[in-house]
Amino acid sequence: MPEPTPDHRPQTTDRRPPTADREARSTVHGPRSPQPATAEASDSVLGTRYSVLGTVSFIGAGPGAPDLLTIRGLRRLGEADVVIYADSLVDERIRAFVRPDAEVHGSSALALPQILDLMIGAARAGRRVARVHSGDPSLYGALHEQLVALEREGIPYEIVPGVSSVFAAAAALHAELTVPDVAQTVILTRVPTRTTVPDGERLRDLAAGGGTLALFLSVTAAARVVEELRAAGWADETPVAVAYRVTWPDERLLRGRLAELPAMVRAAGLTRQALILIGAALDSELRVRAPDRRSHLYHEGYSHGFRTSRLPRAARRRGANTRRRETTE
Ligand SMILES: C[S@@+](CC[C@H](N)C(=O)[O-])C[C@H]1O[C@@H](n2cnc3c(N)ncnc32)[C@H](O)[C@@H]1O
């Protein structure tokens, strides 16, 4: 049995299969008995080890399509006694992965105190809780306040990452967000709507240095986005894309130029669940117009910690071999 620990970090190398872990956990946890029942379990299918931590699993469900749930997320769902999922953003088909005897709640109609009561009550009763968020829980997931409450109550938890909608959108648009010499920075942000953003995070300031922008929760403020980016010096011709409900059956992808963004969004009637991507890397013609943009990593004239260039020295990528050897993956 692992030693009681003051926080949720893994503290043990005890290896037991998930079922044994579940049994151990349910005996460890009683009211006001918040020791983390941590264990590492062996995965007979993939031959890897994974950690089973805590009694509440925050799971990133991905952008929509149920097969974009991670294997770990799938397992936690299947193990859960209580599932609370963001039913306004997470496809209800994930319920197929939940045990028939599990208690399932949609969180869209619940306020935070009700969600916390459910989670904390179940965890104290030694039950496993899966709290399912859209995309990755660390982005606009209202995670902080839930973690505050669990830590205050001494309830152990883990966070299972998910595929964020930003990466699903890039995939759907067939775009690399970081094309060499075009953009090497991705800014994930939003503009203020009913939620404020901290001073110093104004879009015009963030965008002043260029890069690729991914704007969450901003589709209703498209005119403001244009205004801010113009103030940052972005050209009206800058490529933009809007990904609506990406990976859902009714997914829509719009492409255009910055100046057209408000009209595009209006014409499509988009008011929610859409991500705006902006920057030269989104140019659908980029591969035609700049096919030579490529990274050093796989360049035949570039040496790094795992590979030495076989090209004659004069033909090697400029600067590549005078650099400190580095691993770039
Ligand atoms: C509350 S945030 C959650 C973001 C989520 N944690 C993520 O990593 O994708 C909701 C916003 O994420 C974006 N979003 C989430 N799912 C999406 C999807 N399937 N397609 C497009 N945008 C999506 C939209 O900007 C939406 O307004």
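One structure accompanies this document, and this report is about it. Since we're looking at a predicted model, the values are computed, not measured.

Reading guide: rules and limits
Residues numbered from 1 in each chain as written. Predicted model: local features only at pLDDT ≥ 70, side-chain atom pairs only at ≥ 80, totals over all residues. Pairing = 2+ DSSP bridges. Helix = DSSP H or I, 4+ residues; strand = E, 2+ residues; numbered from the N terminus. Axes fitted to C-alpha atoms, helices over the stretch in contact; angles between N-to-C directions. Contact = placed C-beta atoms within 7 Å. Core = buried A, V, L, I, M, F, W, Y, C linked by C-beta atoms within 7 Å. Buried ≥ 20, exposed ≤ 12 C-beta atoms within 10 Å, placed from the backbone.

Read from one edge of the open sheet, 5 strands run 8-9-12-10-11, paired in mixed fashion. Either end of the sheet is taken by a strand with one partner, and the two such strands are strand 8 (186-189) and strand 11 (252-257). Within this sheet the neighbouring strands show an average axis-to-axis angle of 15 degrees, counted without direction. Pairing analysis gives 4 bridges linking strand 8 to strand 9 (residues 212-215), with the strands arranged parallel. Counted as the bridge partner of L188 is A214 from strand 9. Packing of helix 5 (residues 165-172) onto the sheet brings it into contact with strand 8, strand 9, strand 10 (239-244), strand 11 and strand 12 (274-278), and relative to strand 12 it is tilted by some 65 degrees.

Taken in spatial order, the 5 strands line up as 5-4-6-3-7 in an open sheet, and their pairing is parallel. Edge positions in the sheet fall to strand 5 (103-106) and strand 7 (157-160), since each has one partner strand and no second. Averaged over all pairs of adjacent strands, the angle between strand axes in this sheet comes to 15 degrees, irrespective of strand direction. Bridge count for strand 3 (residues 56-60) against strand 6 (residues 129-133) is 5 bridges, and the pairing is parallel. Bridge pairing in strand 6 places G60 opposite H133. Helix-sheet contacts for helix 2 (residues 71-79) involve strand 3, strand 4 (82-85), strand 6 and strand 7, and the interaxial angle to strand 3 is about 135 degrees. Packing against the sheet, helix 3 (residues 112-124) makes contact with strand 3, strand 4, strand 5 and strand 6, and its axis sits at approximately 160 degrees to strand 4.

A few words now on the nonpolar core. Taken as a class, soluble globular proteins show a tendency for nonpolar side chains to be buried jointly. Core analysis: the largest hydrophobic core is formed by 38 residues, its most contacted members being V225, V240, V242, A243, L275, I276 and L277. Broken down by secondary-structure element, the contributors of at least two residues to this core are helix 5, strand 9, helix 7 (222-231), strand 10, helix 8 (261-268) and strand 12.

This brings us to helix 5. The set of residues buried in helix 5 consists of S165, V166, A168, A169 and A170. Summarising the contacts, the buried residues of helix 5 are in contact with strand 8, strand 9, strand 10 and strand 12. Immediately beyond the C-terminal end of helix 5, within one or two residues, lies H174, with a positive phi of roughly 55 degrees.

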